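Examination of the molecular architecture
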Amino acid sequence: MKTAAQPFEFVTASYLTCVNSQIAANLDELRVGIEQASDGSIFYHTFQSLGRYHFLTEGFSNDFAQWVLAALNRNELAEQLAGLDIRDYPSLADLRGDLRRLVTAYCEAHPTEARQSGFEPFYFSESVVVTVPLGVEARTLPEFHDALTLVSHDTFYHHFIASRLRLRLGANDFSHWFANDLAEPELARRADRIDIYTNTLDTAREELIELTAVEL
């Protein structure tokens, strides 16, 4: 049985949402906002929205798409924005670029609609994270598997989704540990491909539990 070079340390996390000064009332202003927003804000409205809507497997998965649909009733653009798979992006700059490209293309094709105000404005926000160690560690795959069955939504979300910004979007904490400390690159790859769109946090965790059980 393999023992990791460094243990996996589970933490729990709380997120304090901060509303920024940027506000968009229409698509033209949303385009400018996406261009000027902080990386933390882009991350909040895409990756972190998955955590806020973790119990949903249908509907749009990022805040930009939700607002374009609910506040502006622009179904076509909303579907295009929702179609961006955040797992495919190696950096937030690339994700920001595609968000801006889609909104800009729609504004240029529909200039009148681009200036029409929505039912409510879009408030650019981001979050500050506070982490607390749980005192739970895993050095082997069986220990990791057992601990994963006990952790909360907040812990799983922090390690599986929010960690991508800290790791430059290359992976999640679990896959990073599998590959670099446990020397299990194939397990890391399979864990990283668990679908975060068709799963809730509960079912994503169940998939990872099953995956690590198979590997025992």
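Preceding block: the structure.
Description of the structure in this document. These figures come from a predicted structure and were not determined experimentally.

Here's the deal with the overall build of the protein chain
For the protein chain, the helix and strand inventory stands at 11 helices and two strands. Each helix and strand of the protein chain, ordered N terminal to C terminal, gives the series β-α-α-α-α-α-α-β-α-α-α-α-α. The C-alpha atoms of the protein chain give 19 Å as radius of gyration, which agrees with the globular expectation for 216 residues (17 Å, within 12%). Across its three principal directions, the C-alpha atoms of the protein chain cover 65 × 30 × 25 Å. Looking at the protein chain as a whole, 47% of its 216 residues are labelled buried. A total of about 10,500 Å² of accessible surface is found on the protein chain, and carbon and sulfur atoms cover 50% of it. Within the protein chain, one finds 17 positive and 32 negative side-chain charges whose respective centroids are separated by 4 Å.

Thoughts on the pattern of salt bridges
Per the stated rule, a full pass over the model turns up six salt bridges. In this structure, the salt-bridge partner of D98 is R101, at a minimum N-O distance of 3.3 Å. Placement of the pair is D98 and R101 together in helix 5 (residues 92–109), with a separation of three residues, close to one helical turn. Residue R189 pairs with E186 through a salt bridge whose shortest N-O separation is 2.7 Å. Within this pair, R189 and its partner E186 are both found in helix 10 (residues 185–192), separated by three residues, close to a single helical turn. We classify R189 as partly exposed; its relative accessible area is 48%.

Considering the environment of Q80
Tracing the backbone through its elements, the reader meets Q80 in helix 4 (residues 75–82). Spatially, the C-alpha atoms of Q80 and R115 are 19 Å apart, while their sequence positions differ by 35 residues.

Notes on the side chain of R74
Position of R74 relative to the elements: it lies in the loop between helix 3 (63–70) and helix 4. For the buried residue R74, which engages in no salt bridge, the nearest side chain bearing the opposite charge is E113, 5.0 Å off. At 2.5 Å, the side chain of R74 and the side chain of Q116 are in polar contact.

Remarks on the packing of helix 9 (residues 173–180) against helix 10
Closest axis-to-axis distance for the helix 9/helix 10 pair is 7 Å, and the angle between their directions is 170°. One element, helix 9, and the other, helix 10, form an angle in the roughly antiparallel class. As for how helix 9 packs across helix 10, the hand of that crossing is left-handed. The segment helix 9 lies against helix 10, with S175, F178 and A179 engaging P185, L187, A188, A191 and D192.

Some points on the packing of aromatic side chains
Across all of its chains, the model carries 19 aromatic pairs by this definition. Note on F64 and F124: the rings are 6.2 Å apart at their centroids and 50° apart in plane angle, and the pair reads as tilted. With F64 in helix 3 and F124 in strand 2 (residues 122–138), this pair connects stretches of sequence that are 60 residues apart. For F124, a relative accessible area of 1% corresponds to the buried category. Pairing W67 with F122 gives two aromatic rings, centres 5.7 Å apart and planes at 70°, and the pair type is edge-to-face.

What counts, and at which threshold
- Residues numbered from 1 in each chain as written.
- Predicted model: local features only at pLDDT ≥ 70, side-chain atom pairs only at ≥ 80, totals over all residues.
- Heavy atoms only, no water.
- Helix = DSSP H or I, 4+ residues; strand = E, 2+ residues; numbered from the N terminus.
- Rg over C-alpha atoms; globule rule 2.2 N^0.38 Å.
- Buried < 20%, exposed > 50% of the residue type's maximum accessible area, 1.4 Å probe, protein only.
- Areas by Shrake-Rupley, 256 points an atom, 1.4 Å probe, with all protein chains shown as cover.
- Lys, Arg positive; Asp, Glu negative; His and termini not counted.
- Charge placed at Lys NZ, Arg CZ, Asp CG, Glu CD.
- Salt bridge = Lys/Arg side-chain N within 4 Å of Asp/Glu carboxyl O.
- Polar contact = N/O pair within 3.5 Å; in protein donor to acceptor, adjacent residues only side chain to side chain.
- Axes fitted to C-alpha atoms, helices over the stretch in contact; angles between N-to-C directions.
- Parallel < 35°, antiparallel > 145°, perpendicular 65-115°, else oblique.
- Left-handed = near helix turned anticlockwise from the far one by under 90°.
- Contact = heavy atoms within 4.5 Å.
- Phe/Tyr/Trp six-rings, centres within 6.5 Å; stacked < 30°, edge-to-face > 60°.

What is shown is where atoms sit, not what they do.
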